[in-house]
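Listed below are the residues making up each chain.
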Amino acid sequence: SSRILSTLQQRVEVIRMFALSRVYYVASILPIKASMVKKFESLMGKFIWQGSGKILRVAFGELKNEHLSGGLNMPCLTTMREALLSSQCLRLLRSGDDKSISHLDYWMGYLLTDLVPGLGLGEQAVDTPEYFSKLGDCLAVLMISELLSASTLKTLTNRMIYRDIASFVTPKVVNESVLDYKLVWKRLQSPVVNPEARDVLFLLIHNKLPVLERLFRIGVKQDPYCLHCAGAEVADIEHFFSSCVR
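My aim in this report is to walk through the structure given alongside it, one point at a time. (Residues numbered from 1 in each chain as written. Predicted model: local features only at pLDDT ≥ 70, side-chain atom pairs only at ≥ 80, totals over all residues. Heavy atoms only, no water.)

### Here we look at the overall build of the protein
Defined as follows: Think of it this way: any DSSP run of H or I at least four residues long counts as a helix, any run of E at least two long counts as a strand, and we number them from the N terminus. To get the radius of gyration, use the C-alpha atoms; to get the globule rule, take the number of residues to the power 0.38 and multiply by 2.2 Å. For every residue, the accessible area (1.4 Å probe, protein chains only) is compared with the maximum for its type, and the residue is labelled buried under 20%, exposed over 50%, or partly exposed between those bounds. We call two residues in contact whenever any of their non-hydrogen atoms come within 4.5 Å of each other.
The secondary structure content of the protein amounts to 12 helices and 0 strands. In the protein, the order of α-helices and β-strands from amino to carboxyl end is α-α-α-α-α-α-α-α-α-α-α-α. Against the compact-globule benchmark of 18 Å for 246 residues, the protein has a radius of gyration of 24 Å, which places it well outside the compact range. Structurally, the protein occupies a C-alpha span of about 85 × 35 × 30 Å along its principal axes. Counting all 246 residues of the protein, 37% fall into the buried class. For the protein, contacts bridging at least 24 residues in sequence account for 58% of all contacts bridging at least 6.

### Considerations on helix α5 (residues 98–112)
So the rule is basically this: Each helix should span, by expectation, one fewer than its residue count multiplied by 1.5 Å. The bend at a residue is defined as the angle formed between two axes, one fitted to the seven residues ending at that residue and one fitted to the seven starting there.
Look at α5: only 15 Å from first C-alpha to last across 15 residues, short of the 21 Å you get at 1.5 Å a residue. At Y106, α5 shows its maximal bend, which comes to roughly 75°. Along α5, the residues classified as buried are I101, L104, D105, W107, M108, G109, L111 and L112. The secondary structure elements touched by the buried residues of α5 are α4 (77–95) and α6 (130–144).

### Remarks on the nonpolar core
The condition is simple: Joining through side-chain atoms within 4.5 Å is the link that ties buried Ala, Val, Leu, Ile, Met, Phe, Trp, Tyr and Cys residues into a set, and such a set is a nonpolar core.
Judged by nonpolar contacts, the single largest core of 54 residues is most densely connected at I48, L63 and M108. No other element matches the 8 residues that α4 contributes to this core. Residues within four places of L63 in sequence aside, it is in contact with I48, W49, V58, G71, L72, N73, M74 and F202. Counting 7 residues, the second largest nonpolar core, distinct from the first, contains L56, L212, L215 and A235.

### Focus: the pattern of salt bridges
Note the threshold: Salt bridge, as applied in this entry: a Lys or Arg side-chain nitrogen positioned within 4 Å of an Asp or Glu carboxyl oxygen.
Summed over all chains, the structure comprises 6 salt bridges. Between K64 and E41 there is a salt bridge, with its nearest N and O atoms 2.8 Å apart. Placement of K64 in the loop between α3 (60–63) and α4 and of E41 in helix α2 (residues 34–48) is noted, with a sequence separation of 23 residues between them. For the pair shown, K64 and E41 are each scored as buried. Among the ionic pairs, R217 bridges to E213, the shortest N-O distance being 2.8 Å. Remark: E213 and R217 occur in helix α11 (residues 212–217); sequence separation between them is 4 residues, near one turn of the helix.

This is how it looks when you write it as structure tokens:
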């Protein structure tokens with residue numbers, strides 16, 4: 001709140017570096033419940049769209065896409081919690097620490113036997129606690145996708161896991177169009193476009209630019225006319241970009 005963050009991408013980076021980094025520290029050890037993820041995402045959404053009210057926002061799920069897929073590369077906490085738990089477990093298996101490996105063997109040896117030779121042969125737990133059931137589910141998903149195997153155990157990273165299990169909603173404008181938006185997203189990231197202009201274009205492409213004509217249609221403004229031009233000029237998208245005195 002004490003800093004001026006003029007662009008959406010700046011706010012995403014602040015969330016990534018200063019907020020979620022603390023969440024990740026805990027999430028690598030303890031599963032974060034879905035209800036808590038929902039609360040976190042509600043706070044992140046308010047922070048990203050601060051000052052814009054509750055209208056004309058790009059859906060939070062769409063922001064999780066990479067830049068070249070129409071998003072802002074907003075980290076997905078649901079996906080990250082699965083990736084962090086999995087990579088933490090794999091780190092313990094790679095550590096060579098006998099106590100850690102024996103501990104995992106007791107609770108999950110039946111699942112790990114294909115990854116580490118010798119596991120799953122000793123005493124096994126009869127009832128699996130919720131924590132290890134959740135951890136087992138995460139690893140099972142990776143093994144089914146063939147990302148995790150005995151050959152990849154030592155090289156698999158958290159980033160690789162995140163990318164493999166990530167699945168985000170396609171932007172609405174893409175679903176509603178027959179056009180190929182790949183070139184659109186690529187041009188939006190051009191270095192010749194400054195960050196402020198990129199924000200405007202991002203909202204424009206997603207059909208969320210809050211011009212007066214659109215705000216008038218949804219009952220937010222009393223009239224649709226431009227405040228800067230003489231006469232009754234309707235401040236729609238075309239006017240904003242083509243004929244406004246600004």
